[in-house]
Amino acid sequence: MDLRHSALLQKRIGVIQAAAWLMIVLLIVAYAWVQLVMRSKMQELALRQALKNRTTPAPRGIIYDRNGNKLVDNRRALHLVIQNEDLPTDPQQIEALATALQLDSDSLKRKIHLSRQVKGNRLLVLQDNLDEAGLAKAEMLRARYPFLSIEVAPRRVYMGDELAGHALGYVGEVPPELLAKEPGKYEIGEIIGRSGFEASHNDKLKGVDGQRQILVDHLGREMALFGIQEPKPGKSVYLTVDAGLQQIVKDSFSAEQGAGVVIDLRDGGILAMYSSPSLDPNIFLNRLSQEDVEKYYQNPSRPLLNRVTQGIYPPGSTFKLLVALAALEKGIITPSSTFTCAGHKDFYGRTFRCDAVHGTLNLVQAIAKSCDIYFYELGSRLDVDDIHNAAVKYGLTEPSGIDLPNEVASRVPSREWKRRAKPKDPKWYAGETISVAIGQGAVGLTPISLARFYAMIATKGKLLTPHLYYGTRNEDDGQLQIFQPPPPRDTGLDPKIWATLDEGLYNVVQYGTAAASKIPGLDMVGKTGTSQVTTFVDKAHYSQLSKHLKDNALFAGYAPRDNPQIAFAFVAENAGFGASSAAPIAKKVCEYWFLQRPVKPLPPPGGKLFDAFHLQGEKTAPEATSP
Amino acid sequence: MKERLRALDPYLMGPILVLMFMGTLTIYSASRGTVQSSIWLKQSLWNAIGFGLMIFVSRVRPNRVFNWSAGFYIAGVILLLAVLVPGIGKAIGGSKRWILIAGQTFQPSELMKWLALLFVAHRLGAKPPDYLRPMELLGIAMLVVFPMLLVLKQPDLGMAVSFLPVLILIPLIKGLRARWVALGLVLVSAFGVFAWHKVLKPYQKQRVLTFLNPDEDLQGKGYQINQSRIAIGAGGFFGQGFTAGSQTQLNFLPVKTTDFVFSVWAEERGFLGVLMALGLFGMVLNRILEIGRMAKTNSESYFCVGAACLLGLHVFVNVGMVVGILPNKGIVLPFFSAGGSSTLSYFLGLGIIMGVYYRAKLK
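Residues numbered from 1 in each chain as written. Chains lettered and ligands numbered in written order. Predicted model: local features only at pLDDT ≥ 70, side-chain atom pairs only at ≥ 80, totals over all residues. Heavy atoms only, no water.

Moving on, we get to the sheet that holds strand S1 (residues 51–56) of chain A. Residue and element names in this part refer to chain A. If you trace the 3 strands from one edge of the open sheet to the other, you get S1-S8-S9, paired in antiparallel fashion. Unpaired on one side and paired on the other, S1 and strand S9 (222–229) mark the two borders of the sheet. This sheet shows a mean twist of 30 degrees between the axes of neighbouring strands, independent of strand direction. One ladder, built from 6 bridges, connects strand S8 (residues 210–216) with S9; its direction is antiparallel. Bridge pairing in S9 links Val216 to Glu222. (Pairing = 2+ DSSP bridges. Helix = DSSP H or I, 4+ residues; strand = E, 2+ residues; numbered from the N terminus. Axes fitted to C-alpha atoms, helices over the stretch in contact; angles between N-to-C directions.)

Put into structure tokens, the structure is as follows:
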């Protein structure tokens, strides 16, 4: 070997050796930087992507009827969601996801943007209640979009479908309007009661969401559980409703539109409340199909309306009790005052008719026969403000105070009302009072306020607050905490006047207009009504309906006469004569409640709650419990 | 057997055995609980076969090995061409790098690096000890560039890069006039510009761009390096502990038994482990170069230098890549990464080096 070359080679190898060590040192410096200087930042990043906080939605409280029958339950459902901390940012990715899910990409972007502003760990639900096919598709999507996850969350089940749809209401995501109206009260995406009892008692029913701290892998799959804070379910709530009675009322309305409500006279609890056509709350948990949108939103019958608290009906003859009350209190007549009905009479230059020639009648007979002439006479002697003032005094003009959202107040006209409502024709004409005297004209009552008025008569002058909320069960001892409604307001009804009205109502069923609905062994009393239709159906649909509009049939009353326990009001729309359509419903209700209902209802939760109102059996004192 | 083992240089073999042990442990930890959980056993088997191969090769006299180097080279090129033949070549992930032999995939390019080095070392050793003449340099360069182009065609950019030390460093060691070095630099830059626009595939360009700005594309190509950096950094000084690295065990770390195996080591063993591994790599390179000094012939010397450069490049590119200072090349780490072809090829190279050592020791 050439010595000169050998020396050069040794030198060159030395250079390479130095270069090799330099390279090692360079790498060590780089690792020292990342592992020693950047350590805490890197550890935080590692933790942030591996450690996730997940929300476990709390189930809402279960709703029972007063006997402990489940009306609303929860079941577990799977939802495709994005966890708040995993929200995607790449707009192209969001668009691709929207396409895959057949969602509108702009609205998805808006939702993601909104969700990003939420503190805590709310889920953005993309698809809820996945079925088998939906689940398979969701799993497939998850492989492509690791930020998606599938979560188990409770979902509402309304057991009776349409049984008590209006009373129960339904749940849904908090709407943007509500978020804007009460900032801070709700969180975006929160499930709240949207209507009915679910809405008015949302605070009790909603629980407290739980949290889980988990370790996830690169696909977001849960690998280990670190910490868990169990969700706190919402309170179980009992309604004053009796499911059996509710079913009877529902069945009575099978084909007809209308409304019915039954009130417990001890405390104002609603025993049954039905608005026909009804709605199935289960349907409102999903995105509505086109068919359902048509059925519920574009239907001229307006099924979304709770006719019991939002339907304004002309009360017809059921209103005569108030007119009689006004006349008696004003001293225009005494209970024995008589008028003669010749089938028709002229007032203020116009002829008013009665449906029969009743001859000479006193007040009791006039109520029993529902003689219009008698009340026209009263109307001609009364000022409309007298009637209005009596209505105010006996609670007809105020909202009943029922614990349901958006109750509409009844309308009993006054001069003042005419001035405000008809500024173009503000003068009250005496002839209008004649119509008001038989519950026509501008008079419009909700079934709940009508029932409350008859409950007032039944209780000799006490104004109850109707309510659906019966009580909540304590979590620790399982005891039922019974809700104390506000004490009834005493209207100071004169007992003598009351006796006359009660007598009149009794005779309606004994020999009067509702004699056909007489129940052997049970004194149901009440007043029929047949009102010319000016329904609350809005003007746009009015013309369509008008050609086959028939009269509304009404019946309101209470039972049993000697010891009243329930009051009720029923309206059957376009069903014709009140005695033949609405009174039979009341008959069925009373027969069920007093004669057919199981003697001992299902043991109520938490001890003795309900005595049986059973006439055939032993008469237990209704005062034994004071709910 | 005892005598055979005596052919092995303890100063080279010691660090390599430790590195192999560390590598197998890391593979075990990285593949725990996955479908590939027995891959550490397979790797141990490759290591054992490789060890036997090394002992066998070390017993062959180096001058014989060099004399046969032309034949080896041609055989290697044929294997590289076989990759392109449908039915023999096997494509994985869009690139044809493998051939199937007895149910095992084999990557001829791993072997070809060593065969090209062997042949080039042999040719240069035969030249007179003057500066290389231009035509001689060109001839030598062609020997390397041809297989390199075949590898680029597969395409396998990382592997093509590992031919570079043979192409550049060996002629330098042999001796080159400064003007040819300058000309070479110009040509290489010109080729680089040409390659960027005409040869490189978009994904390869993307890799380079990601290297330049890794934060740009967190979920895409930069994702791997980003996750690797997080793993390394989270290791801290002492490491998260064996089989306890969250990045590794929760699969945030990609290709963790091959390309990113060193990130697993760094996460679980910390800076201390990194110091140890890099120290051992330094000792290996140093010792191979020392053997190059002791070598009897120029060819043997050149081979040792080339082998050190090849190893050094792999260590530098892989270890530098996973920590984010070098582009994501998809290059494996010797003695650490799982893989049969590379393991056997390294042991083949080591066998020749041990042969050189043995002959130098015998005098």
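The next point concerns unusual backbone geometry. Residues and elements named next belong to chain A. In this chain, Ser276 is followed by Pro277 through a cis amide linkage whose omega measures 0 degrees. Cis rather than trans, the peptide bond between Ala559 and Pro560 has omega equal to -20 degrees. The topology assignment puts Pro560 in the loop between strand S22 (552–559) and strand S23 (566–572). Even without glycine at this site, Asp161 takes up a positive phi of about 55 degrees.

Before going further, it helps to spend a moment on the interface of chain B and chain A. At the junction of the two partners, chain B supplies 53 residues and chain A supplies 37 residues. A buried area of about 3,800 Å², summed over both sides, lies between chain B and chain A, and 69% of it is on carbon and sulfur atoms. On the chain B side of the contact with chain A, Leu250, Phe271 and Arg293 of chain B bury the most area, a combined 17% of that side's loss. At the surface where chain B touches chain A, the tally comes to 0 salt bridges. The interface formed by chain B and chain A includes 13 residue pairs in polar contact (both at pLDDT 80 or more). Elements represented by at least two residues in the side of chain B that touches chain A include exactly helix H9 (164–174), helix H12 (221–235), helix H13 (246–249), helix H14 (261–294) and helix H15 (298–322) of chain B. (Contact = heavy atoms within 4.5 Å. Buried area = accessible area lost by both parts, 1.4 Å probe. Salt bridge = Lys/Arg side-chain N within 4 Å of Asp/Glu carboxyl O. Polar contact = N/O pair within 3.5 Å; in protein donor to acceptor, adjacent residues only side chain to side chain.)

Time to look at the confidence of the model for chain B. All names here are of chain B. For chain B, per-residue confidence averages 86 on the pLDDT scale, and 94% of positions sit at 70 or higher. When pLDDT is averaged over each element of chain B, H14 comes out on top at 95 and helix H11 (residues 202–212) at the bottom at 65. The low-confidence segment residues 214–218 (pLDDT under 50) makes 7 contacts with residues lying over four places distant or belonging to another chain. Confidence estimates for the predicted assembly give a pTM of 0.72 and an ipTM of 0.90. (pLDDT = per-residue confidence, 0-100.)

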